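Residues per chain, in single letters:
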Amino acid sequence: MPGSLYIVATPIGNLEDITLRAVRILKEADFIAAEDTRHTQKLLSHFDIHKQLTSYHDHNKEEKAPVIISRLLQGQSAALVSDAGTPGISDPGYYLINAAIQENIPVVPIPGPTAAIAALSVSGLPTDAFVFEGFLPPKRSQRLSKLDSLKHERRTIILYEAPHKILKTLLDVREIMGERRVSLSRELTKIHENTLRGNISDIIIAVEDMSSCTAGSDEGPSSKGLSARMRGEITLIIEGLMGEPPPVQAVDPAAIMESLMREKGLSRKAASAEAARITGLSRKEIYNASLKR
Ligand code: SAM
């Protein structure tokens, strides 16, 4: 009989948020697979748990998953933990969980904290239907097209974001999705826990103000100052589209391209690429249409 793989949620900050069952499973499992063994060791020491730890993270998941699976198939039980929250939610848990399911290994949830749900629960935005998008893609063009694909989403949207990118993300969200309510939760369950709620323009001003506090210190008035000020872990909740979606207008891609050249001073080539991103049409088609005009 294979052993079980327990998916153990751990605190996202405050250690009191661990469940009694999580502590028991961490004590009883034959071994614990952890994203960062040093980080998890601190959690285990706090709860007086003495257990063998093995590392399982994004960069070793392909080599480590088969080793863990083989131990499970031999009858050992394992607890999977991530650095914080629920394994598999925007962290490498998915790969191992899927591999265990393929081998008919029992996969057992030990539910507990997750930043997405904690932030949603205090956002004041509708919770009856929501969509979790995790982190936006790293490249700006991909981030913009992801936001574009979400602009007509009616459900509340949950995003994870790094502190040094949050201001840019808020500006992009406003540009693409327009004025709407957001809730920005930082350092939930920790000493500096803080949730800002309001229209996105007000939150942008609040975040900029936090940056100018730092600008007065040794950081200087740079966007680097902002990232230094906005330390901590951030979850952003965005209100879904309210009211009727805007009517679909016939677009003149060549006109869009020409206004980009005029207003942003882009070359014809760069403007056609940007117009292609905005309209979803091919760059060549737009370029040729503009030449014909
Ligand atoms: N598995 C985790 C969970 O269940 O929430 C999420 C892992 S993901 C790699 C880490 C991201 O979660 C952070 O970058 C941040 O966006 C969000 N996060 C984690 N802890 C948080 C906290 N205490 N307050 C706000 N957001 C948090």
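Along each chain, the written sequence defines residue order, and numbers are assigned to residues from 1. With the structure being a predicted model, the display of local features is reserved for residues of pLDDT at least 70 and the display and counting of side-chain atom pairs for 80 or more, all residues being used for whole-chain, interface and lining totals. Only hydrogens and water are set aside when side-chain values are computed; all heavy atoms of the structure are taken into account.

A. The arrangement of the overall build of the protein in detail. Along its length, the protein carries 12 helices and 10 strands. Each principal axis of the C-alpha atoms in the protein carries an extent, and together these give about 70 × 45 × 40 Å. Per-residue burial for the protein yields a buried fraction of 42% across its 293 residues. Throughout, a residue-residue contact means that at least one pair of heavy atoms, one from each residue, lies within 4.5 Å. A sequence separation of at least 24 residues applies to 67% of the contacts in the protein between residues at least 6 apart. Just so you have it, the protein exposes about 15,700 Å², and 52% of that area is on carbon and sulfur atoms. His is not counted, nor are the chain ends; Lys and Arg add positive charge and Asp and Glu add negative charge. For this purpose, a charge sits on NZ of Lys, CZ of Arg, CG of Asp or CD of Glu. Positive and negative charge centroids in the protein, built from 36 and 36 side chains respectively, lie 5 Å apart. Note on conventions: DSSP H or I runs of at least 4 residues are helices, E runs of at least 2 residues are strands, and numbering of each starts at the N terminus. The classification of residues rests on relative accessible area computed with a 1.4 Å probe and restricted to protein chains. Under 20% of the type maximum is buried, over 50% is exposed, and intermediate values are partly exposed. Residue-level accessible areas treat just the shown protein chains as cover; the underlying method is Shrake-Rupley with a 1.4 Å probe.

B. Examining the site of the ligand more closely. Lining the immediate surroundings of the ligand are 19 residues, of which Thr 86, Thr 114, Ala 115, Tyr 160 and Ile 234 lie closest. A 3.5 Å cut-off defines polar contacts: any pair of N or O atoms within that distance qualifies, except that in protein one atom must be a possible hydrogen donor and the other a possible acceptor, and neighbouring residues in sequence count only when both atoms are side-chain atoms. In this structure, Ala 84 approaches the ligand through a main-chain N or O atom, which is 3.3 Å from a nitrogen atom. Residue Thr 235 places a side-chain N or O atom 2.8 Å away from a nitrogen atom belonging to the ligand. Relative to its unbound accessible area of 570 Å², the ligand is 90% covered by the protein chains. Taken together, the elements giving at least two residues each to the shell around the ligand come down to β7 (156-161) and β10 (234-238). Delimitation of the domains relies on an automatic or database domain assignment. Each of domain 1 (5-113) and domain 2 (116-238) gives at least three residues to the shell around the ligand. Here, proximity means that at least one heavy atom of the residue falls within 4 Å of the molecule or strand.

C. Layout of the environment of Ser 90. For Ser 90, the location among the structural elements is in the loop between β4 (78-81) and α4 (93-102). When the C-alpha positions of Ser 90 and Glu 258 are compared, they lie 40 Å apart, and in sequence the two are 168 residues distant. The residues contacting Ser 90, other than those within four sequence positions of it, are Phe 132, Gly 134, Phe 135 and Tyr 160.

D. Structural view of the side chain of Thr 156. Inspection of the secondary structure assignment puts Thr 156 in strand β7. Residue classification places Thr 156 among the buried residues on the basis of a relative accessible area of 1%. Engagement of the side chain of Thr 156 in a polar contact is seen with the backbone oxygen of Pro 126, the distance being 2.6 Å.

E. Spatial organisation of the sheet that holds strand β8 (residues 181-186). When DSSP finds two or more bridges between a pair of strands, those strands are recorded as paired. Pairing within the open sheet is mixed, and its 5 strands lie in the order β6-β7-β10-β8-β9. Each edge of the open sheet is held by one strand with a lone partner, namely β6 (130-135) and β9 (194-199). Pairwise comparison of adjacent strand axes, ignoring direction, gives a mean angle of 15° for this sheet. Where β6 and β7 come together, 5 bridges link them in parallel fashion. Counted as the bridge partner of Phe 135 is Tyr 160 from β7. Across the sheet, helix α7 (residues 166-177) is in contact with β7, β8 and β10; its angle to β10 comes to roughly 10°. Axis definition: a line fitted to C-alpha atoms, limited for helices to the stretch in contact. Angles are taken between N-to-C directions and run from 0 to 180 degrees.

F. The arrangement of unusual backbone geometry in detail. Despite not being glycine, Glu 187 shows a phi value in the positive range, around 55°. Residue position: Glu 187 is located in the loop between β8 and β9. Look at Glu 187 and you get buried, because its relative accessible area is 15%. Although it is not a glycine, Thr 189 sits at a positive phi angle of roughly 70°. When you line up the elements, Thr 189 lands in the loop between β8 and β9.

G. Layout of helix α2 (residues 37-46). Listed as buried for α2 are Thr 40, Leu 43 and Leu 44. Buried residues of α2, viewed axially, fall in a sector of 100°; they line one side. Along α2, exposed side chains directed more than 90 degrees from the buried face belong to Arg 38, Lys 42 and His 46. On its buried face, α2 sits against α1 (20-28), β2 (31-34), β3 (53-55) and β4. To be clear, the arc concerns the directions from the helix axis to the C-beta atoms.

H. Local environment of the packing of helix α6 (residues 140-150) against α7. Where α6 contacts α7, the axes come no closer than 9 Å and their chain directions differ by 45°. It follows from the interaxial angle that α6 and α7 lie oblique. Between α6 and α7 lies a crossing of right-handed hand. The residues of α7 that touch α6, namely those facing Arg 140, Arg 143, Leu 144, Leu 147, Asp 148 and Leu 150, are Thr 169, Asp 172, Val 173, Ile 176 and Met 177. When its residues are assigned to classes, the contact of α6 with α7 shows 6 nonpolar, 1 polar and 4 charged. Working definition: roughly parallel below 35 degrees, roughly antiparallel above 145 degrees, roughly perpendicular at 65 to 115 degrees, and oblique for all remaining angles. Left-handed describes a crossing whose near helix is turned anticlockwise from the far helix by less than a right angle; the clockwise case is right-handed. Polar here means any residue outside two lists: the nonpolar Ala, Val, Leu, Ile, Met, Phe, Trp, Tyr, Cys and Pro, and the charged Asp, Glu, Lys and Arg; Gly therefore counts as polar.

I. How the structure looks around the pairing of β10. Of all 5 residues in β10, 5 are buried; the element is thus mostly enclosed. Of the two faces of β10, both are covered, the one formed by Ile 234, Leu 236 and Ile 238 as well as the one formed by Thr 235 and Ile 237. Looking at chain direction, β7 and β10 are connected through 5 bridges and run antiparallel. Opposite Glu 161, over in β10, you have Ile 234 as the bridge partner. Across 5 bridges, β8 lies against β10 in antiparallel orientation. Paired with Ser 185 across the bridge in β10 is Thr 235.

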